[in-house]
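Coordinate analysis (summary)
Here are the chains, one letter per residue:
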Amino acid sequence: MVASVAKKIVKPTDNGKVYTFNLKKTKWSDGSAVTAQDFVASFRRQVEPKTKSQRANHLEDLVNYSGVASGKLNPDKLGVKALGKYKLQITLSHKVPYYNYVLATQLFPVNRKDLSKWGTKYGTSSKYAASNGAYVIKNWNSSKDTWNLVKNKDYYGAGHVKINKIHFQVVKTPQTGLRLFQSKEVQETQLSGSYVSMVKKQYKKDLVVSKYGEQAFLTWNNYNTTAKNTNLRRAISYSLNRKTLASDVLKDGSQAAKSIVPSGEVKGSNGKDFNTQVGNGLAYNSTKAKYYFKLAQQELGKKKITIQLLTADTDAYKSVGEYIQAQAQKVLPGLKITIKSIPLEQEITAFSNHNYQFGTLGWSTDFPDPIDYLNIAAKGGEINFTNWTNAKYQKVIDQINDTKNQTASQRVKLQQKAAKILNTEQGVTPLYQYASVHLVSSDLKGLSYPLIGYQKYEYVSWK
């Protein structure tokens, strides 16, 4: 992690709650200065209810966030203020151990002049967008499938940006991306599904496979009598061989989930990966699967149980759905799973409206702390669509969030405890951890794919 607009990485004061930044004298792409007040305006605007920002929760740790977000307090009461043109102060309501990552990846200023000029058009296309980063977006609007990034001459680090122009093209299938790479029309493309195994030999030197901090899981409708049955969830979970799902179905470098928290993100108190101390609660076990299915049959009063699985209509998720259907029905005679595949946006709408029984979903984060994944099943969690609750689980989540009297080691142990409970209680059912798979031209250097976040073209150059 390096300082960007801030002159240096600061240490918080007041028991980890107050961050005071001296800002570099940087510029927007229109040549105007980036000031502390641009950050203040951005934060207040996001949290103000009338804006209806979908990113407002990234500011939930600031003092008075709830009051401002609910409309009970004016936005100027939010825990952010400009102490000068180039001096910014952020005040949190509590200590947040991972807040440096929030600052680095989630909190951005707004160009107040352009916002005032363009109003609701701000950010809707490249014509109405302002940048203070390494690149400026060109020829983009929400309906286009091609656009460009052009080097920002006013960027404070423009001297080390070597690629002057990057052309992006949206492709509907991995096959199209592979064809463009083969014909050298593109120097980078993302692959998934069966195409990964197809190119392993031919493009061994160009294939970059790495862990990605995104978990695929099953979400359950707790307003549905069948889907909310804990023992049915346990039965289906134990019936699945996640290693087989990853290696033989997905074939793209994905790994079997050990909990809702991705492997490789943080280390436990023993210095090893977080999941080494979570246990094997997601391991395939046909005996346990049958035991819990029998309990579910008794509780539901049915010998034959039918349930519908909702998936996104991508090749990968369709394959996952077919595997879950075949595997669970094979292990659990009397269970029938039907599958419905729809576009992701429609799937999210169905989840939000509780118009489903169970379905597949993925979640990634912007900061390396397990709490963002554990919150998936926490009370009030952003994607806890049916508000599943469990008193034992919630108690541990509340302890994790109480950072006042907590060491880093104690925090990790609490998070591991929560992950174990979730594996047992099946608030959601973890399936696998995504892989990041790309073909990258040997003409490029410096292009890498982190566990969290995305590749940084700022550091890429031609060989």
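Residues numbered from 1 in each chain as written. Predicted model: local features only at pLDDT ≥ 70, side-chain atom pairs only at ≥ 80, totals over all residues. Heavy atoms only, no water.

Observations regarding the packing of helix 7 (residues 230-239) against helix 9 (residues 286-300)
For any two helices packed against each other, one specifies the crossing angle of their axes together with the interaxial distance. Keep this limit in mind: To get an axis, a line is fitted to the C-alpha atoms, and for a helix only the part in contact is used. The angle between two axes follows their N-to-C directions and goes from 0 to 180 degrees. Runs of E in the DSSP output that reach at least two residues are strands. Runs of H or I that reach at least four are helices, and both are numbered from the N terminus. When an angle is under 35 degrees it counts as roughly parallel; over 145 it counts as roughly antiparallel; between 65 and 115 it counts as roughly perpendicular; any other value is oblique. Crossing handedness: left-handed means the near helix sits turned counterclockwise from the far one by under a right angle, and right-handed means the same turn made clockwise. Only heavy atoms enter the contact rule, under which two residues are in contact if any of them lie within 4.5 Å. Lys, Arg, Asp and Glu make up the charged group, whereas Ala, Val, Leu, Ile, Met, Phe, Trp, Tyr, Cys and Pro make up the nonpolar group; the residues left over, Gly among them, are polar.
Here helix 7 crosses helix 9 at 155°, and the two axes come no closer than 7 Å. Considering the angle they form, helix 7 stands roughly antiparallel to helix 9. In the packing of helix 7 onto helix 9, the handedness of the crossing is left-handed. Listed contacts from helix 9 to N231, L232, R234, A235, Y238 and S239 of helix 7 are S286, K288, A289, Y292, F293, L295, A296 and E299. For the contact of helix 7 with helix 9, the residue count by class is 8 nonpolar, 3 polar and 3 charged.

So, the packing of aromatic side chains
Basically, it comes down to this: Within 6.5 Å between ring centres, the rings of Phe, Tyr and Trp (the latter by its six-membered ring) count as paired, and their orientation is classed by plane angle as stacked under 30 degrees, edge-to-face over 60, tilted in between. Residue burial is assigned from relative accessible area. The probe radius is 1.4 Å, only protein chains are included, and a residue is buried under 20% of its type maximum, exposed over 50%, and partly exposed in between.
By the definition in use, this model includes 17 aromatic pairs. Considering the side-chain rings of F181 and Y203, the 5.7 Å spacing of their centres and the 75° angle between planes classify their relative orientation as edge-to-face. Taken as a pair, F181 in helix 5 (residues 174-182) and Y203 in the loop between helix 6 (194-199) and strand 8 (207-220) lie far apart in primary sequence, 22 residues in all. Residue classification places Y203 among the buried residues on the basis of a relative accessible area of 13%. Grouping aromatic residues by their ring pairs yields a cluster made of Y19, F21 and Y99.

Some points on empty space enclosed by the protein
Test applied: Buriedness for pockets is judged along seven lines, at least five of which must meet protein on both sides within 12 Å for an open set on the 1 Å grid over protein atoms alone, while cavities are sets there where a 1.4 Å probe fits but cannot get out, and lining residues have an atom within 4 Å of a point. Grid points are joined across faces, edges and corners, and a volume is the space filled by probe spheres set on the points.
Tallied over the entire structure, the rule returns 1 cavity of 30 Å³ or more. Reported here for the largest cavity is a volume of approximately 30 Å³. Lining the largest cavity, in full, are T219, W220, N222, I383, N384, F385, T386, W388, G427 and V428. Among the residues forming the lining of the largest cavity, the class breakdown is 5 nonpolar, 5 polar and no charged.

Remarks on the packing of helix 13 (residues 391-401) against helix 14 (residues 408-425)
Relative to each other, helix 13 and helix 14 sit at 160°, their axes nearing to 9 Å. When the axis of helix 13 is compared with that of helix 14, the two are roughly antiparallel. Judged by the twist between their axes, the crossing of helix 13 over helix 14 is left-handed. The residues of helix 14 that touch helix 13, namely those facing K392, Y393, V396, I397, Q399 and I400, are R411, L414, Q415, K417, A418, I421 and L422. Of the residues that constitute the contact of helix 13 with helix 14, the class distribution is 8 nonpolar, 2 polar and 3 charged.

Here we look at the sheet that holds strand 3 (residues 87-91)
Here is the rule we go by: Strands qualify as paired when DSSP identifies two bridges or more between them.
Spatially, the 3 strands line up as an open sheet ordered 1-3-2, and their pairing is antiparallel. Every other strand in the sheet has two partners, leaving strand 1 (18-22) and strand 2 (80-84) as the edge strands with one partner each. Averaged over all adjacent pairs, the angle separating strand axes in this sheet is 20°, with direction ignored. In the sheet, strand 2 pairs with strand 3 via 4 bridges, with the strands oriented antiparallel. By the bridge assignment, K81 is partnered in strand 3 with Q89. Where helix 1 (residues 36-47) meets the sheet, it contacts strand 2 and strand 3, and its direction lies at approximately 165° from that of strand 2.

Some details on the sheet that holds strand 6 (residues 165-169)
Taken together, the 3 strands give an open sheet; going across it, the order is 4-5-6, and neighbouring strands pair in antiparallel fashion. What marks the edges here is a single partner per strand, and that holds for strand 4 (135-138) and strand 6. The sheet shows a mean angle of 25° between the axes of neighbouring strands, direction not considered.

As for the environment of E48
Mapped onto the elements, E48 comes out in the loop between helix 1 and helix 2 (65-69). On the basis of relative accessible area, E48 is assigned to the partly exposed category, the value being 24%. Separated by 22 residues in the primary sequence, E48 and S70 have C-alpha atoms spaced 8.1 Å apart. Each residue touching E48, except ones within four places of it in the same chain, is listed here: V68 and P75.

Notes on the pattern of salt bridges
What counts, and what does not: Salt bridges are defined by distance alone: a side-chain nitrogen of Lys or Arg within 4 Å of a carboxyl oxygen of Asp or Glu.
Within the structure shown, the criterion is met by 7 salt bridges. The closest approach of N and O atoms between K117 and D114, which form a salt bridge, is 3.9 Å. Highlighted residues: K117 and D114, both in helix 4 (residues 112-118), separated by 3 residues, approximately one helical turn. With a shortest N-O distance of 3.0 Å, D369 and R411 are connected by a salt bridge. In this pair, D369 sits in the loop between strand 12 (358-364) and helix 12 (371-374) while R411 sits in helix 14, placing the two residues 42 residues apart along the sequence. Here D369 and R411 have matching classes, each one buried.

Let's talk about unusual backbone geometry
The phi angle at N15 is positive, at roughly 55°, despite the residue not being glycine. In this structure, N15 sits in the segment before strand 1. Residue class for N15 comes out exposed when judged on its relative accessible area of 67%. Despite not being glycine, N387 has its phi angle at roughly 55°, a positive value.

Observations concerning a nonpolar patch on the surface
Selection criterion: Each patch is built from salt-bridge-free residues with over 30% relative accessible area, joining like charges within 9 Å and nonpolar side chains (Val, Leu, Ile, Met, Phe, Trp, Tyr) within 5 Å. Only the protein chains shown count as covering a residue, and every accessible area follows the Shrake-Rupley method with a 1.4 Å probe.
A contiguous nonpolar patch, built from M1, I9 and Y101 and spanning about 300 Å² of accessible area, is present on the exposed surface. Along the chain, M1 falls in the segment before strand 1.

Focus on the nonpolar core
Nonpolar side chains tend to gather and get buried jointly when the protein is soluble and globular. How we decide: Here, nonpolar core refers to any group of buried Ala, Val, Leu, Ile, Met, Phe, Trp, Tyr and Cys residues whose side-chain atoms link them within 4.5 Å.
In this structure, F43, L62, I90, Y99, I260, L374 and Y393 are the most contacted members of the largest nonpolar core, which totals 62 residues. If you tally residues by element for this core, the top one is helix 14, at 6 residues. Excluding residues within four positions of it along the chain, F43 makes contact with L59, L62, L78, V80, I90, L107 and F108. Core analysis: the second largest hydrophobic core is formed by 34 residues, A289, L300, Y317 and F358 among them.

By themselves, these figures tell us nothing about what the structure is for.
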